[in-house]
Amino acid sequence: AASFLLLPAHSHDFDGSRKGFILGLGAGFGSAKQTVSDQGASISNTESGLATTFKIGAGLSDKFLLYYSNRVVFFSADMIDGTSHGFIQGMSALAGTYYLEPTGASVFFTGELGAGVISDRDAETSDSGFGFGLGLGFDFGNHFVVEGSFMHATVGSEDILGVSVAESITNFMVTVNWLGF
């Protein structure tokens, strides 16, 4: 009886229309860059690894989605002492996607605002801060999507001996995603 009562509220979920509940999962390749800069000088390090995406939210229309997004790159980096540490670098954000076509195959654009984070899984440390993301992709019309995305966040800043030092992170990702709607 309870499922009968809930059925009308969810009758538009996973019906092939982008309007309504959405859920997305994806994986691919990512490049993760860390930059530490002070007054006029900077040092950068770039690593690559597995990229993953997760999306959950709603299609407000057949052309616009609003959702929670989590995009991360998993990678390993060699430390100064010769050990290798595992890292997670990415962003959790409020995101919006705009499709050029209301149904079927379509190009789309994505924008995100949220919290960027870099986490050293071995040292159990992390830094986080405000970030933004941009994406461009193609929905093949059968729930499979290819997407390229860019993310940037300032995750730390401090004053060391009178010198202002800032740490930022940047990800580039290409993923293949399944998007249910």
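Here the residue numbering is sequential within each chain, running from 1 through the sequence in written order. Whole-chain, interface and lining totals are the exception, using all residues; otherwise, since this is a predicted model, local features are given only for residues with pLDDT of at least 70 and side-chain atom pairs are given and counted only at 80 or more. Note that the side-chain values use all heavy atoms of the structure and ignore hydrogens as well as water.

Novice: What is the right way to look at the nonpolar core in this model?
Specialist: General note: in soluble globular proteins, nonpolar side chains tend to be found buried as a group. The term nonpolar core refers to a set of buried residues drawn from Ala, Val, Leu, Ile, Met, Phe, Trp, Tyr and Cys, joined through side-chain atoms within 4.5 Å. The classification of residues rests on relative accessible area computed with a 1.4 Å probe and restricted to protein chains. Under 20% of the type maximum is buried, over 50% is exposed, and intermediate values are partly exposed. Counting 14 residues, the largest nonpolar core has Val73, Phe75 and Ile169 as the members making the most contacts within it. Among the nonpolar cores identified, the runner-up in size contains nine residues, and Leu65, Tyr99, Val145 and Leu179 belong to it.

Novice: Honestly, the side chain of Thr53 in this entry has me stumped. Any pointers?
Specialist: Secondary structure elements are taken from DSSP: a helix is a run of H or I of four residues or more, a strand is a run of E of two residues or more, and numbering for both begins at the N terminus. For Thr53, the location among the structural elements is in strand β2 (residues 42-59). Within the structure, Thr53 has its side chain in polar contact with the side chain of Asn177 (distance 2.7 Å). For Thr53, the residues in contact, after removing those within four places along its chain, are Gly24, Leu25, Gly26, Asn70, Arg71, Met173, Thr175 and Asn177. Throughout this description, a polar contact denotes any pair of N or O atoms lying within 3.5 Å of each other; where both atoms belong to protein, one of them has to be capable of donating a hydrogen while the other can accept it, and for residues adjacent in sequence the pair is counted only when both atoms sit in side chains. What makes two residues a contact is simply this: any of their non-hydrogen atoms within 4.5 Å.

Novice: Honestly, the pattern of salt bridges in this entry has me stumped. Any pointers?
Specialist: Should the charged atoms of two oppositely charged side chains come close, the side chains can pair. By convention in these notes, a salt bridge is any Lys or Arg side-chain nitrogen within 4 Å of a carboxyl oxygen on Asp or Glu. Across all of its chains, the model carries four salt bridges by this definition. In this structure, Asp139 engages Arg18 in a salt bridge whose closest nitrogen and oxygen atoms are separated by 3.6 Å. Taken together, the residues span a long stretch of sequence, with Asp139 in strand β6 (residues 125-139) and Arg18 in the loop between α1 (2-6) and β1 (20-37) at a distance of 121 residues. For the pair Asp139 and Arg18, one class covers both residues: buried. Measuring nitrogen to oxygen at the nearest pair gives 2.9 Å for the salt bridge that ties Arg71 to Glu147. Of the two residues, Arg71 sits in strand β3 (residues 64-78) while Glu147 sits in strand β7 (residues 144-160), which places them 76 residues apart along the sequence. For the pair Arg71 and Glu147, one class covers both residues: buried. Linked by salt bridges that have partners in common, Lys55, Arg71, Glu112 and Glu147 make up one network.

Novice: Please explain unusual backbone geometry as it appears in this structure.
Specialist: Across residues other than glycine, the phi torsion is negative in most instances, and most of the peptide bonds are trans. The phi angle at Glu124 is positive, at roughly 55°, despite the residue not being glycine. Looking at where Glu124 falls in the secondary structure, it is placed in the loop between β5 (106-120) and β6. For His143, which is not glycine, the phi dihedral falls at a positive 80°. Mapped onto the elements of the fold, His143 is located in the loop between β6 and β7. Owing to a relative accessible area of 24%, His143 belongs among the partly exposed residues under this scheme.

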